[in-house]
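Listed below, chain by chain, are the residues.
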Amino acid sequence: MNPFNYGTIVKGDNFYDRKEECKRIVRVLSGGNNIVLYAPRRFGKTSLVFKAMEELEKKGFICVYFDFMPVFSLESFVRLYSKALAKKQANLQKFVQTFASLIKNIRPVLTFGHDGKPEFSIDFMGGKIDETTVSQLLDLPEKIAGFRKRVLVFLDEFQDVEKLEKINFEALLRSKIQQQEKTNYLFLGSKTHILKELFNSKKKAFYNAAFQMTIIGLPKVDTMEYLRRKFAESNIVINDEEALYIISVTSNIPHYIQLLSSEIWQYMINTSKTVTKEIIDKCINLLIELKSDYYIELFDKQSRSKKQLLQALIKNGENIFSTAYIRTNNLSGAATIQRAISGLILEGIVEKTNSEYFITDPFFKLFIEKNT
Ligand SMILES: Nc1ncnc2c1ncn2[C@@H]1O[C@H](COP(=O)(O)OP(=O)(O)OP(=O)(O)O)[C@@H](O)[C@H]1O
Ligand SMILES: [Mg+2]
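Just so you know, these numbers come straight off a predicted model, no measurement behind them.

### Focus on the overall build of the chain
Next up, step 1: A tally of regular secondary structure across the chain gives 16 helices and nine strands.
Next up, step 2: The principal-axis extents of the C-alpha atoms in the chain amount to approximately 65 × 55 × 40 Å.
Next up, step 3: When each of the 372 residues of the chain is scored for burial, the buried share is 32%.
Next up, step 4: Partitioning the intrachain contacts of the chain with sequence separation of at least 6 by distance along the chain shows that 71% fall at a separation of at least 24.

Printed below as a string of C-alpha cells:
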C-alpha cells in the first residue's frame, strides 16, 4: 500500500505536526469563542479541523462538521445541514422529536436499513423553504446541546455562503451566533480574500465575529522526518537533500508533497532503494505529463498580460506593483497587473499569503517554467 495520501482528509498516522494549531483551536472553542480559519487551498485546513474535532469530542463537546461546497440551493442547504446535525446524535429518536417540535414545515423521517441501523432524512412535504425554515434550523444546534453539553459547528468552504444570499443568510446566521450560548462556530475556507472581507469589513455581517487564524506550510524538519519514516516502511532511504528538494519543488504545500512522494514511491517500489534527485525529476515530469493537455489549455487561454504576470510570478511574487518589479519583468503597469492578478485569483490559479502572490499548483508553475 502506498504510504502517501492526498486528496482526502488525512488522519491518524498519516497526519503529522500542527500540534500548536490544534491546541489553539481547542483552547479558543472550549473558551466559548468562534474562529475563522483561512489558508490557501490544500494546506491542510480540513484535516487539521478533523484532528481538533477528535480532541474536542474527547472533552465531551458535540462536534458538527458541515461543508458548504455541495450546497446549490436553499433546499440542499436544509437537507445537508439537517443530516450533518443528525449524524452526531447518539439518540436519533430524541433528535427527531426536537427537530419536529422546532421546525414546522419539514417532516423528519427515521428509517431502518438492512443492518437495522436508523437513518435520518427529511421530507419537505411540498412546502416552501424560506427564511423562517432556515432560521428554525439554525436554532437546532443550541437545542441539541441540551442542559449540559456544548455544540461546536465547523463550517467548511464558508466562502460559499454567498450561494444563499437570496435569503440574507449571513445576517441570519450572525444573529443566531450572537444569541446562542451553548454553540460556537469555526468557519474555514480557502478563498482568503472573500473570508477576510466577510470577517474584517465593518459593512459585513461577520465583522469581528470570530478569532482569526491561518496556517502556513508544515515545518520542513517535520516533513523531512515524516518522509524518512514513511519511505523507510518500504525500506526506501531518503536523505535530507532529496527531502528538501521535494519540499522546495512542491512550494511546501502539504498536498503536493504527498502527491509527489506517492509518485516517487510508486516509481521506486521493487527497484531502487535510495531516492535520488534524478528519480524525483523523473516523477515531476511524469506528473506534469499527466496533466499537460490541461496545463497547455489553461496557459493558452490566458490574456497576454496574465501570461506575462504568471511568468514573472515564477521568479518572485513579492512587491508585484512596484516600479522595480514592473521594469524587471517588462510588465505594462500597475493597473494592468491589478486587473491580471484579480482575474488569476478569481480563477484560482494564483493565491496570496500575507504579502506574497504564488501559483497555486506547483506543477503548473513548473510546466510554465519548462515550456514557455
Ligand atoms: N498535517 C498533515 N499531515 C500530512 N499530510 C497533510 C497534512 N495536512 C495536509 N496534508 C496533505 O494535504 C492534503 C490536503 O489536505 P486537506 O484536504 O486537509 O487541505 P485543505 O486545506 O482543506 O484543502 P482544500 O482547500 O482543497 O479544502 C491531504 O490530503 C494530505 O495529502
Ligand atoms: Mg478542505
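### As for the site of ligand 1
Next up, step 1: Residues in close proximity to ligand 1 total 22 residues, the closest being Gly44, Thr46, Ser47, Pro254 and Gln258.
Next up, step 2: When contributions to the shell around ligand 1 are tallied by element, the ones reaching two or more residues are helix H2 (45-58) and helix H10 (254-268).
Next up, step 3: Taken together, the residues that form the shell around ligand 1 break down as seven nonpolar, ten polar and five charged.
Next up, step 4: Looking at which domains feed residues into the shell around ligand 1, each of domain 1 (18-214) and domain 2 (220-290) gives three or more.

### Some details on the sheet that holds strand S7 (residues 211-214)
Next up, step 1: With respect to topology, five strands assemble into an open sheet ordered S2-S5-S6-S1-S7, the strand pairing being parallel. Two strands in the sheet have a free side with no partner beyond their single neighbour: strand S2 (62-67) and S7. Pairwise comparison of adjacent strand axes, ignoring direction, gives a mean angle of 20 degrees for this sheet.
Next up, step 2: Bridge count between strand S5 (residues 151-156) and strand S6 (residues 183-189): five bridges; the pairing is parallel. By the bridge assignment, Phe154 is partnered in S6 with Leu186.

### Points about the nonpolar core
Next up, step 1: In this structure, Leu152, Phe154 and Leu186 are the most contacted members of the largest nonpolar core, which totals 74 residues.
Next up, step 2: The dominant element in this core, judged by the number of residues it contributes, is H10, at six residues.
Next up, step 3: Ignoring any residue separated from it by four or fewer positions in sequence, one finds Leu186 in contact with Ile25, Leu29, Asn34, Ile35, Leu37, Val49, Leu152 and Phe154.
Next up, step 4: Judged by nonpolar contacts, the second largest core, of twelve residues, contains Ala312, Ile337, Ile341 and Ile359.

### Description of the pairing of strand S1 (residues 35-38)
Next up, step 1: Here S1 shows no split at all, with Ile35 and Leu37 on one side and Val36 and Tyr38 on the other all buried.
Next up, step 2: Here four bridges tie S1 to S7, and the two strands are oriented parallel to one another. From the neighbouring strand, Leu37 faces S7, where its bridge partner is Met213.

### Looking at the domain arrangement of the chain
Next up, step 1: What the domain assignment reports for the chain is domain 1 (18-214), domain 2 (220-290) and domain 3 (302-371).
Next up, step 2: Spacing between the C-alpha centres of domain 2 and domain 3 amounts to 28 Å.
Next up, step 3: Tallying the contact residues gives eight residues for domain 2 and five residues for domain 3.
Next up, step 4: Ranked by residue count, the leading element in the side of domain 2 that touches domain 3 is helix H11 (residues 277-290), at three residues.
Next up, step 5: When grouped by side-chain class, the residues that make up the side of domain 2 that touches domain 3 number six nonpolar, two polar and no charged.

Cut-offs applied
- Residues numbered from 1 in each chain as written.
- Chains lettered and ligands numbered in written order.
- Predicted model: local features only at pLDDT ≥ 70, side-chain atom pairs only at ≥ 80, totals over all residues.
- Helix = DSSP H or I, 4+ residues; strand = E, 2+ residues; numbered from the N terminus.
- Buried ≥ 20, exposed ≤ 12 C-beta atoms within 10 Å, placed from the backbone.
- Contact = placed C-beta atoms within 7 Å.
- Near = placed C-beta within 6 Å.
- Nonpolar A, V, L, I, M, F, W, Y, C, P; charged D, E, K, R; others polar.
- Domains from an automatic or database assignment.
- Pairing = 2+ DSSP bridges.
- Axes fitted to C-alpha atoms, helices over the stretch in contact; angles between N-to-C directions.
- Core = buried A, V, L, I, M, F, W, Y, C linked by C-beta atoms within 7 Å.

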